Amino acid sequence: MEARITVLPGDGVGPEVTAEAVACLATIAEQFGHAFEFQEALIGGAAVDATGDPLPEATLNLCRTCDAVMLGAVGGPAWDRHPRDQRPESGLLRLRKALGLYANLRPVSVHPSLEDASPLKPEIVRGTDLMFVRELSGGLYFGEPRSYSDEAAVNTLPYTRGEIERVARVAFDLASVRRKRLVSVDKANVLETSRLWRKVVDDMAPAYPDVAVQHAYVDSFAMALITRPRDFDVVLTENLFGDILSDEAAVLAGSLGLLPSASLGGSVGLFEPIHGSAPDIAGQDKANPIGTILSAAMLLRHALKLDAEALALEAAVNHVIKGGHGTGDLKGATHPHGTHSLGARIQEAIRPPRNKSPRLADSAYSWCGSPEGHRSNH
Ligand code: IPM
Ligand code: MN
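Residues numbered from 1 in each chain as written. Chains lettered and ligands numbered in written order. Predicted model: local features only at pLDDT ≥ 70, side-chain atom pairs only at ≥ 80, totals over all residues. Heavy atoms only, no water.

1. Focus: the overall build of the protein chain
And then number 1: Counting its secondary structure elements, the protein chain contains twelve helices and 14 strands.
And then number 2: Over its C-alpha atoms the protein chain spans a radius of gyration of 20 Å, differing by no more than 12% from the 21 Å that the globule rule assigns to 378 residues.
And then number 3: Evaluated residue by residue, the protein chain yields a buried proportion of 55% over its 378 residues.
And then number 4: Within the protein chain, contacts between residues at least 6 apart in sequence are counted, and of these 76% link residues at least 24 apart.
And then number 5: Summed over its atoms, the accessible surface of the protein chain is roughly 15500 Å², and 54% of this surface lies on carbon and sulfur atoms.
And then number 6: Mean positive and mean negative side-chain charge positions of the protein chain (37 and 47 charges, respectively) differ by 5 Å. (Helix = DSSP H or I, 4+ residues; strand = E, 2+ residues; numbered from the N terminus. Rg over C-alpha atoms; globule rule 2.2 N^0.38 Å. Buried < 20%, exposed > 50% of the residue type's maximum accessible area, 1.4 Å probe, protein only. Contact = heavy atoms within 4.5 Å. Areas by Shrake-Rupley, 256 points an atom, 1.4 Å probe, with all protein chains shown as cover. Lys, Arg positive; Asp, Glu negative; His and termini not counted. Charge placed at Lys NZ, Arg CZ, Asp CG, Glu CD.)

Pasting the structure below:
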């Protein structure tokens, strides 16, 4: 197939990690006979510096008219003092909103050979397989009124029934093809929006009789997540809680640098790692490219509907991790790599070894298997 992919490298480590993800997609295209065309555009601080706008019109137009968007990261100390609409982050938030991306999928699972990479005990993290569904275009991030002065500031947390229903539907659908458990995380003992959130989820539950629904308060869930993560399957939550809890969940996987995301709901999907721009290591070939490469696998699966290709890319990542290869953030990696050489390893692993059958055994983990729940069992 032919596909046009917009690449937004952004700031900090963004350009380094997206370069590896693009190289992986190009290798997949070559192996499976597809024609992927990549077009780069500016976003974030890089766009502010070049044009004064963190989301230039040309970037938005390109994103609206392509088949999928791949993003690195935005932000950095250079732009911290800029007014809100000229901060790198506001470019990303406007892009999510403009593309109508209300559902952010953030799978978190623990690779068997990385059970010791987490500061938590291996017996706690072992077998973790979570799918966060974070609401992405509402809540505190976008609520009006909002204002700032040095004496008083206001943010607002609004949600409508419709906004809750559409993201909850994504979570219910995922739960029904996974382990059929849904936990909805809120603060309904304090917040009206959370009371509505809970009511809407309860109203929808009868339509999904095979999904077991549970509600949790965000404070106690924050603790349960890292003390008994295996008890959960799909986690549905609003924008800010999802932002916080998914970084917390990264501790289970062993490194924030491993985790991918897919933002869906509009006509074009956005795929980006959950980590930030990591200005402290930018340009040093130290960043872990795996979160972005696994986001590229989600792009293949969700935007291009290329399931076998997504599985092949995930199998290549599994194979490389199993071999002990990793960047410095992965505690216990026996073969240390920089960003580029780890990416190159993965690209090499995508190509079947000469004179051997394709490497199927490595896709046998549930780790970073299909978010839809189709585990590959060969
Ligand atoms: C994320 C990031 C963003 C967010 C920032 C960069 C705006 O932290 O994708 O998790 O808060 O959503
Ligand atoms: Mn975040």
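From this point on, the discussion continues.
2. Remarks on helix 4 (residues 88–98)
And then number 1: Where helix 4 is concerned, the buried positions are Pro-88, Ser-90, Gly-91, Leu-92, Leu-95 and Arg-96.
And then number 2: One or two steps after helix 4, the chain reaches Gly-100, where phi turns positive at roughly 70 degrees.

3. Considering unusual backbone geometry
And then number 1: Cis geometry marks the peptide bond from Glu-144 to Pro-145; its omega dihedral reads 0 degrees.
And then number 2: With respect to the helices, strands and loops of the structure, Pro-145 is situated in the loop between strand 5 (129–135) and strand 6 (147–148).
And then number 3: Positive phi, normally seen in glycine, also occurs at Ala-278, with a value near 40 degrees.

4. Quick notes on the packing of helix 6 (residues 161–177) against helix 7 (residues 192–204)
And then number 1: Relative to each other, helix 6 and helix 7 sit at 50 degrees, their axes nearing to 10 Å. Put simply, helix 6 runs oblique to helix 7. Handedness of the crossing formed by helix 6 with helix 7: right-handed. Residues Arg-161, Ile-164, Glu-165, Val-167, Ala-168, Arg-169 and Phe-172 of helix 6 form the contact with helix 7, whose own contacting residues are Leu-196, Trp-197, Lys-199, Val-200, Val-201, Asp-203 and Met-204.
And then number 2: Among the residues making up the contact of helix 6 with helix 7, the classes are represented as nine nonpolar, no polar and five charged. (Axes fitted to C-alpha atoms, helices over the stretch in contact; angles between N-to-C directions. Parallel < 35°, antiparallel > 145°, perpendicular 65-115°, else oblique. Left-handed = near helix turned anticlockwise from the far one by under 90°. Nonpolar A, V, L, I, M, F, W, Y, C, P; charged D, E, K, R; others polar.)

5. A short note on helix 2 (residues 44–51)
Note: α-helices contain 3.6 residues per turn, so residues at a spacing of three or four share the same orientation.
And then number 1: Residues Gly-44, Gly-45, Ala-47 and Val-48 constitute the buried set of helix 2. When helix 2 is viewed along its axis, its buried side chains cluster within an angular range of 160 degrees and face the same direction. Projecting away from the buried face of helix 2 at angles above 90 degrees are the exposed residues Asp-49 and Ala-50.
And then number 2: Packed against the buried residues of helix 2 are helix 4.
And then number 3: Remark: Gly-52 follows helix 2 within two positions and exhibits a positive phi of approximately 85 degrees. (Arc of directions from axis to C-beta.)

6. Re the pattern of salt bridges
As a working rule, side chains carrying opposite charge can pair if their charged atoms are close by.
And then number 1: What the rule picks out here adds up to 18 salt bridges.
And then number 2: Across the salt bridge formed by Arg-161 and Asp-203, the nearest N and O atoms sit 3.0 Å from each other. Residue Arg-161 is located in helix 6, and its partner Asp-203 is located in helix 7; the two are separated by 42 residues in the primary sequence.
And then number 3: We note a salt bridge from Asp-219 to Lys-187, for which the minimum N-O separation is 3.2 Å. Residue Asp-219 is located in helix 8 (residues 218–227), and its partner Lys-187 is located in the loop between strand 8 (181–186) and helix 7; the two are separated by 32 residues in the primary sequence.
And then number 4: Of the residues examined, Asp-219 reaches a relative accessible area of 46% and is grouped as partly exposed.
And then number 5: According to the relative accessible area criterion, Lys-187 is buried, its value standing at 19%. (Salt bridge = Lys/Arg side-chain N within 4 Å of Asp/Glu carboxyl O.)

7. Overview of the site of ligand 1
And then number 1: Around ligand 1 sit Glu-89, Arg-96, Arg-106, Arg-134, Tyr-141 and Asp-243, and those are all the residues in its vicinity.
And then number 2: Within the side chain of Arg-106, one N or O atom sits 2.9 Å away from an oxygen atom of ligand 1.
And then number 3: The contact in question runs from an oxygen atom of ligand 1 to an N or O atom on the side chain of Tyr-141, over 2.5 Å.
And then number 4: Summarising the interface, the protein chains cover 80% of the accessible area of ligand 1, which totals 320 Å² for the free molecule.
And then number 5: When the residues that make up the shell around ligand 1 are grouped by side-chain class, the tally is one nonpolar, no polar and five charged.
And then number 6: When residues are assigned to domains, the shell around ligand 1 turns out to be shared by domain 1 (1–107 + 254–378) and domain 2 (119–253), each giving three or more. (Near = heavy atom within 4 Å. Polar contact = N/O pair within 3.5 Å; in protein donor to acceptor, adjacent residues only side chain to side chain. Domains from an automatic or database assignment.)

8. Some remarks on the packing of aromatic side chains
And then number 1: By the definition in use, this model includes three aromatic pairs.
And then number 2: Measuring from centroid to centroid gives 4.9 Å for Phe-221 and Phe-232, while their planes differ by 65 degrees, and the two rings are edge-to-face. With Phe-221 in helix 8 and Phe-232 in the loop between helix 8 and strand 10 (234–237), this residue pair connects regions lying eleven residues apart in the sequence. Phe-232 carries the same exposure label as Phe-221, and that label is buried.
And then number 3: For the cation-ring pair, Arg-134 lies above Tyr-141, with the distance from its terminal atom to the ring centre recorded as 5.3 Å. (Phe/Tyr/Trp six-rings, centres within 6.5 Å; stacked < 30°, edge-to-face > 60°. Lys NZ or Arg CZ within 6 Å of the ring centre and 35° of its normal.)

9. A word on the environment of Met-223
And then number 1: In this structure, Met-223 sits in helix 8.
And then number 2: On the basis of relative accessibility, which here comes to 56%, the residue Met-223 falls in the exposed class.
And then number 3: Expressed as a C-alpha distance, the spacing of Met-223 and Glu-248, which sit 25 residues apart in the sequence, is 9.8 Å.

10. What to know about the nonpolar core
Proteins that are soluble and globular tend to have nonpolar side chains buried together.
And then number 1: Core analysis: the biggest nonpolar cluster contains 83 residues, and Phe-221, Leu-313 and Ile-346 have the highest contact counts within it.
And then number 2: Looking at which element gives the most residues to this core, the answer is helix 10 (residues 290–303), with eight residues.
And then number 3: Counting the residues that make up this core, at least three belong to each of domain 1 (1–107 + 254–378) and domain 2 (119–253).
And then number 4: Apart from residues no more than four positions distant in its own chain, Ile-346 is found in contact with Cys-24, Ile-290, Ile-293, Leu-313, Ala-316, Val-317 and Val-320.
And then number 5: In this structure, Leu-8, Leu-60, Leu-62 and Leu-71 belong to the second largest nonpolar core, which totals 18 residues. (Core = buried A, V, L, I, M, F, W, Y, C linked by side-chain atoms within 4.5 Å.)

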